[in-house]
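Read off the chains here:
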Amino acid sequence: MFRAMEVEPVGTTPSPRQPVQVTGVTAELAAARTKLREVAPSGHWEGILAEVQRLQSDEHMAPLAALQAVYAKLASGWLPPISR
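Predicted model, so just to flag it, every value in this text is computed and none were measured.

Moving on to the packing of aromatic side chains. All told, the structure shown has zero aromatic pairs when counted by the stated rule. Across the ring face of Trp78, the terminal group of Lys73 is positioned such that the distance to the ring centre comes to 4.4 Å.

With that settled, the discussion passes to the side chain of Glu51. Along the chain, Glu51 turns up in helix 2 (residues 45-58). When residues no more than four places from it in sequence are discounted, the contact partners of Glu51 are Val70, Lys73 and Trp78.

By the element assignment, His44 lies in the loop between helix 1 (24-39) and helix 2. Looking at His44, the relative accessible area reads 9%, which means it is buried. Among all residues touching His44, those that are not within four sequence positions of it are Leu79, Pro80, Pro81 and Ile82.

The rules behind each value
- Residues numbered from 1 in each chain as written.
- Predicted model: local features only at pLDDT ≥ 70, side-chain atom pairs only at ≥ 80, totals over all residues.
- Heavy atoms only, no water.
- Phe/Tyr/Trp six-rings, centres within 6.5 Å; stacked < 30°, edge-to-face > 60°.
- Lys NZ or Arg CZ within 6 Å of the ring centre and 35° of its normal.
- Helix = DSSP H or I, 4+ residues; strand = E, 2+ residues; numbered from the N terminus.
- Contact = heavy atoms within 4.5 Å.
- Buried < 20%, exposed > 50% of the residue type's maximum accessible area, 1.4 Å probe, protein only.

What follows is the structure, given as structure tokens:
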């Protein structure tokens, strides 16, 4: 036989909720990724992300530096292969 269980409320969520505001390095990474996404040619996004990852792993670049480097490559005319 099961007994009834009393559960205390955890609390209420304030209304309206404030959106999360990122700051510091997190905000810089988000801004750099957004900027890169805006200039990414159609169909090339996966290749762009692969290049960012390659720079981080092979060249030991920090995430922000890798995003900025790929942005500079795109600005100079480089295009990654189209992902299928």
